[in-house]
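The residues making up each chain are set out below.
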Amino acid sequence: MYRLTATYKIELPNQFRVKRSKDDPLRYTAVIEEFDVEVVLVCNGGTSFKANGDLHETRTVTRIDVSISSDEDSTPPEVPTLEKGGRDFKDRASWFGKRADEYSRIAIEAANRVIRFFKYEMRTPRLREFSKVNSDFSNPLWTNRNGKELETGRIEFVVTVLSPPGPGLLGEKDFTEAEDVKLRSALQSNLDIEMNMDFLSDAQTSVINGKLRRAILEMAIACEVAVKGVFFSKSTTAGAVYEYLEDNRQVHVRVIDLINGAAKVAFGQSFKDLDPDAYKNIDFLFRARNKVAHRGERIYRDDGGTEYHVDRPTLEAWWESVDKLMNWIDQHRI
């Protein structure tokens, strides 16, 4: 058996705080799918803090080194020297190429397990999980059992494939010349980010990262904040009355009621009249939100009682409806 190790040096999206003695190696091992995994937390070697009488000092981790090892049933092919000079890496590059995807997949999973621990257990902010498009998971250092570096004869490139226009983009737009004026304006005067825009942005990230339960909650919150903001602005009498009643737990108004019946009274047309299909999707979104909030499940029932599971294509369809609702709201802001 041939012992093979691939080591990835991964820059963190935000620093980890550690309080350890200076000589602590911060080295951790695990087994993932029969691969041996070693993770080393690498401190930046810069600023640290140490209280009087404390043997440990607080430092920051800016990088993690992830090593993935496995026993292979063959050895890397030899690299023959060509008659005209140079070396032929064709067979060796092919040998490593057949193994590279599996090693990087395990490395990504190991790195994300570390990220999840610090994000949720250590409550480290601004952390995001990695994916295969991250360049840190290409071109690892390959070594043998004795730690000798191995030439692979290959260089990996990370290629980003552009998605065509459609629901899969989740409202993402291309920056064209038409937006130059808006960008200049944003540079001159900082953008005023409304709360519903913030939640919708978070929802977009959650969908992309596969956090679908969280995405459902954030999409619904974005809709609720936007809708109630247009109906119950604090600058209006209605807003003051609503806030008083809400503070005293005397009112509960559903979003789908506001964009239907209440909208007819206020604006002469409801969102349901404008786009019945989009209105139904918003209704389903809030039904799913209730299931996530109360039972932690990504499901909803239609009017006939049939139960559906919420997957990414469902959220992509709902996203288009949310976009339409936001545009409708913008047209009726005071």
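Structure's up top.
Read on for a plain summary of the structure.

**Here we look at the sheet that holds strand 1 (residues 2-20)**
On the basis of which strands lie adjacent, the open sheet formed by five strands has the order 2-3-4-1-5 and antiparallel pairing. In this open sheet, the two edge strands, each paired with only one partner strand, are strand 2 (27-32) and strand 5 (141-143). Averaged over all neighbouring strand pairs, the angle between strand axes comes to 30°, with direction disregarded. Pairing of strand 1 with strand 5 involves three bridges; the strand directions are antiparallel.

**Here we look at unusual backbone geometry**
Notably, Leu26 is not glycine yet its phi reads approximately 50°, a positive angle. Positionally, Leu26 belongs in the loop between strand 1 and strand 2. Even without glycine at this site, Arg126 takes up a positive phi of about 55°. Tracing the backbone through its elements, the reader meets Arg126 in the loop between helix 1 (90-121) and strand 5. Note on Arg126: relative accessible area 64%, which makes it exposed.

**Side note on the nonpolar core**
Core analysis: the biggest nonpolar cluster contains 40 residues, and Ile282, Leu315, Trp318 and Leu325 have the highest contact counts within it. Elements supplying a minimum of two residues to this core: helix 3 (195-208), helix 4 (212-231), helix 6 (255-267), helix 8 (276-295) and helix 9 (312-331). At 11 residues, helix 4 tops the list of elements feeding residues into this core. Contact partners of Trp318, with chain neighbours within four places excluded, come to Met219, Asn281, Phe284, Leu285, Ala288, Tyr300 and Val310.

**Things to note about a nonpolar patch on the surface**
Taken together, Leu191, Ile193 and Met197 make up a surface patch of nonpolar side chains, about 300 Å² in accessible area. Examined against the element boundaries, Leu191 turns out to sit in the loop between helix 2 (180-188) and helix 3.

**Side note on the packing of helix 3 against helix 9**
Packing of helix 3 against helix 9 brings their axes to within 12 Å, and their N-to-C directions diverge by 165°. When the interaxial angle is binned, helix 3 and helix 9 end up roughly antiparallel. For the crossing formed where helix 3 meets helix 9, the hand is left-handed. Where helix 3 abuts helix 9, its residues Asn196, Leu200, Ala203, Gln204, Val207 and Ile208 lie against Arg312, Leu315, Trp319, Val322 and Met326. Tallied by class, residues from the contact of helix 3 with helix 9 come to eight nonpolar, two polar and one charged.

**Re the pairing of strand 4 (residues 57-72)**
With 13 of its 16 residues buried, strand 4 lies for the most part within the structure. Looking at chain direction, strand 1 and strand 4 are connected through 15 bridges and run antiparallel. Across the sheet, Ile10 pairs through a bridge with Ile64, a residue of strand 4. Sheet topology note: the strand 3 (residues 35-43)/strand 4 ladder contains eight bridges and is antiparallel. Residue pairing in the sheet places Val40 in a bridge with Asp65 of strand 4.

**A few points about the pairing of strand 3**
The two faces of the sheet receive side chains in turn, since in a regular strand these alternate between them. The element strand 3 is extensively covered by neighbouring structure, given that seven of its nine residues are classed as buried. Relative to strand 3, strand 2 runs antiparallel, the two sharing six bridges. By the bridge assignment for strand 3, Thr29 is matched with Glu38. Linking strand 2 to strand 3, which pair antiparallel, is a turn of two residues; within it Glu33 sits at a positive phi near 50°.

**As for the packing of helix 8 against helix 9**
Running from N to C, helix 8 and helix 9 cross one another at 115°; their axes reach a closest spacing of 9 Å. Viewed along their axes, helix 8 and helix 9 adopt a mutual orientation that is roughly perpendicular. In this structure, helix 8 crosses over helix 9, and the sense of that crossing is left-handed. The segment helix 8 lies against helix 9, with Asp277, Ala278, Asn281, Ile282, Phe284, Leu285 and Ala288 engaging Ala317, Trp318, Ser321, Val322, Lys324 and Leu325.

**Some details on helix 6**
Helix length check: helix 6 (13 residues) gives 15 Å between terminal C-alpha atoms against 18 Å at 1.5 Å per residue, more than 12% under. The axis of helix 6 is deflected most strongly, by about 40°, at Gly261. Along helix 6, the residues classified as buried are Val255, Ile256, Leu258, Ile259, Asn260 and Ala263. Packed against the buried residues of helix 6 are helix 4, helix 7 (271-274), helix 8 and helix 9. Just downstream of helix 6, Gly268 is the residue with a positive phi angle, here 85°.

The rules behind the values
- Counting restarts for each chain, with residues numbered from 1 along the sequence as it is written.
- Since the coordinates come from a predicted model, pLDDT governs what is reported: local features require at least 70, and pairs of side-chain atoms require 80 or more to be given and counted, while whole-chain, interface and lining totals use all residues.
- The basis for every side-chain value is the complete set of non-hydrogen atoms in the structure, without hydrogens or water.
- Strands pair, by our definition, only if DSSP identifies at least two bridges between them.
- Runs of E in the DSSP output that reach at least two residues are strands. Runs of H or I that reach at least four are helices, and both are numbered from the N terminus.
- Axis angles are defined between N-to-C directions and span 0 to 180 degrees, where every axis is a line fitted to C-alpha atoms and, for a helix, only to the segment in contact.
- Only protein chains enter the accessibility calculation, which uses a 1.4 Å probe; a residue whose area is less than 20% of its type maximum is buried, one above 50% is exposed, and one in between is partly exposed.
- To define a nonpolar core, start from buried Ala, Val, Leu, Ile, Met, Phe, Trp, Tyr and Cys residues and group those joined through side-chain atoms within 4.5 Å.
- Pairs of residues are marked as contacts when any of their non-hydrogen atoms sit within 4.5 Å.
- Patch criteria: residues need more than 30% relative accessible area and no salt bridge. Like-charged residues are merged within 9 Å; nonpolar side chains of Val, Leu, Ile, Met, Phe, Trp and Tyr are merged within 5 Å.
- Accessible areas in this description were obtained via Shrake-Rupley with a 1.4 Å probe; residue shielding takes into account the shown protein chains only.
- Salt bridges are defined as contacts in which a side-chain nitrogen from Lys or Arg sits within 4 Å of a carboxyl oxygen from Asp or Glu.
- Orientation categories follow fixed angle ranges, with anything under 35 degrees roughly parallel, anything over 145 roughly antiparallel, 65 to 115 roughly perpendicular, and all other angles oblique.
- By definition, any crossing whose near helix is turned counterclockwise from its far helix by less than a right angle is left-handed, and any crossing with a clockwise turn is right-handed.
- When residues are grouped by polarity, Ala, Val, Leu, Ile, Met, Phe, Trp, Tyr, Cys and Pro land in nonpolar, Asp, Glu, Lys and Arg in charged, and all others, Gly among them, in polar.
- What a helix should span is 1.5 Å times the count of its residues minus one.
- A residue's bend is the angle separating two fitted axes: one through the seven residues that end there, the other through the seven that start there.

Honestly, it's all geometry; don't read function into it.
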